[in-house]
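Residue-level structure breakdown
Listed here are the chains, written in short residue letters.
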Amino acid sequence: MKELKVSLTKKCHYPKFIGVFQNKINLIFVGPANWSKEYHTCSGKLQSPINIDEHNVTNVSLSPLRLIGIDNPHQSYVTNTGHTATLRTNESKAVMLSGGPLENIYVFEQLHFHWGENDHEGSEDLINNHSFPMEMHAVFYKEDYKSFNEALKHSDGLAILAYLYEVSPQPNPTYEPIVKVLPDIETMGKGKVLQEPLLLENVLVPDIAKIQDYFTYPGSLTTPPCLEVARWIDFKDHQQLSHDQLAAFRDLRNQEGDKLTHNFRPVQPLENREVLHNILNNTHNSGHSGQRSVKIPILFVALGALVAIFLFAM
Ligand SMILES: [Zn+2]
């Protein structure tokens, strides 16, 4: 606990994601249309977000996407960066991502949210020009680069998992611990530890059966300097949040003290990029902590033993 408190005082005022580019924070409020005046990288050819047109994707069947270390509860804290609410965990228990379109291992850095003024807009990527009320980004950096900041210097530096939300009549219990702390971090720079350790599995793998169904494309950060260093993985499955849960995010305040009613960047040109759609392939086992791949051989052994006993009895 003591260790966490030390890191909190160090990080909560300016979390790394914002801290790297301290002057970009003002630019965010100037508006996305002006970003490229300051950062030419914001008008590159691999910019995010994009509209994903389901009729213009290439179906592929990649190796299973794997998330490791998500089944341990992580002590987590949420901060108001002035642009979004960012969740980080106690870093001693690393969460890793590999497989799918990724050739290497990526380490979890943070997750954060994008939302809109109302329940009809808010996501960054669009699907068939449809906007969702919220999008969550789970950001991972390539393990070989040792840190998030170093990874930003390389075109294969980041992998970002994107989750889209729709409005549900009932609140989603998985997000209640996060929503609960939002009133305590209304002011920019404030942070709060979640009351209970968070099981990232519930947030990152809400449905194991649907985790291999996603779109993927090469893109950028969606805030200045819009570095083109990210492999995006957008899950097709939609998550649920109630209107009140969504509305709680809109009460956060930005640098000026105004309500952070929307924080999504408009879609950017696709240019020459190809969006891949990973389709479920039954010959692959589901990639999740490596546990599924162990269970199947055990089943075969058990079945074999049963047949042997049956034959012996004859
Ligand atoms: Zn984001």
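Parameters and conventions
- Residues numbered from 1 in each chain as written.
- Predicted model: local features only at pLDDT ≥ 70, side-chain atom pairs only at ≥ 80, totals over all residues.
- UniProt positions renumbered as here; feature names shortened; annotations may be inferred.
- Helix = DSSP H or I, 4+ residues; strand = E, 2+ residues; numbered from the N terminus.
- Buried ≥ 20, exposed ≤ 12 C-beta atoms within 10 Å, placed from the backbone.
- Contact = placed C-beta atoms within 7 Å.
- Core = buried A, V, L, I, M, F, W, Y, C linked by C-beta atoms within 7 Å.
- Pairing = 2+ DSSP bridges.
- pLDDT = per-residue confidence, 0-100.

Looking at an unreviewed UniProt entry, one finds the protein named Carbonic anhydrase 2 and attributed to Mycetomoellerius zeteki. Regarding the protein, the relevant UniProt record gives this comment under Sequence similarities (unreviewed entry): "Belongs to the alpha-carbonic anhydrase family."

When you go through the protein residue by residue, the secondary structure sums to nine helices and 16 strands. In the protein, buried positions account for 40% of the 314 residues. Long-range contacts, defined as pairs at least 24 residues apart, comprise 75% of the intrachain contacts of the protein with a sequence gap of at least 6.

Within the largest apolar cluster, 66 residues are counted, with the highest numbers of intra-cluster contacts made by Met-134, Ala-138, Phe-140, Leu-158, Ala-159, Ile-160 and Leu-204. Looking at this core, the element that brings in the most residues is strand 11 (residues 158-168), giving eight residues. With near-sequence residues (within four places) excluded, Leu-158 lies in contact with Val-139, Phe-140, Tyr-141, Ala-151, Val-229 and Ala-230.

Another aspect to go through is the pairing of strand 14 (residues 214-219). Among the six residues that make up strand 14, five are buried, leaving the element largely enclosed by the rest of the structure. Inspection of the sheet shows strand 14 paired to strand 15 (residues 230-242) by six bridges, in the antiparallel sense. Each residue of the ladder has a partner; that of Phe-215, found in strand 15, is Asp-234. Two elements, strand 14 and strand 16 (residues 275-278), share three bridges in a ladder whose sense is antiparallel. What sits directly across from Thr-216, in strand 16, is Leu-276.

For residues with low pLDDT, the predicted coordinates do not support detailed interpretation. Residue-level pLDDT values for the protein average 86, and 79% of them are 70 or greater. For residues 1-22, every residue scores under 50 in pLDDT, and the model assigns this stretch 26 contacts once sequence neighbours within four places are set aside. When the criterion is pLDDT under 50, residues 285-297 qualifies, and its contacts beyond four places in sequence or with other chains add up to 20 contacts.

With that settled, consider the environment of Val-139. In this fold, Val-139 is placed in strand 10 (residues 134-142). C-alpha separation for the pair Val-139 and Trp-232, spaced 93 residues apart in sequence, amounts to 9.6 Å.

Consecutive side chains along a regular strand alternate between the two faces of the sheet. Looking at chain direction, strand 2 (residues 57-60) and strand 16 are connected through four bridges and run parallel. Within strand 16, the position partnered with Val-60 by the bridge is Asn-278.

Once that is clear, we can look at the environment of His-137. Take His-137: it is sitting in strand 10. The buried category is assigned to His-137, around which 23 C-beta atoms lie within 10 Å. Contacts of His-137, omitting those with residues within four sequence positions, involve Leu-111, His-112, Ile-160 and Ala-162.

What follows concerns unusual backbone geometry. For residues besides glycine, phi is generally negative; the peptide bonds are generally trans as well. In the segment running from Ser-48 into Pro-49, the intervening peptide bond is cis, with an omega of 0 degrees. By the element assignment, Pro-49 lies in the loop between helix 4 (35-38) and strand 1 (51-52). Here the amide bond leading from Pro-224 into Pro-225 is cis, since omega sits at 10 degrees, within 30 degrees of zero. Here Pro-225 lies in the loop between strand 14 and strand 15. For Asn-128, which is not glycine, the phi torsion reads 50 degrees and is therefore positive.

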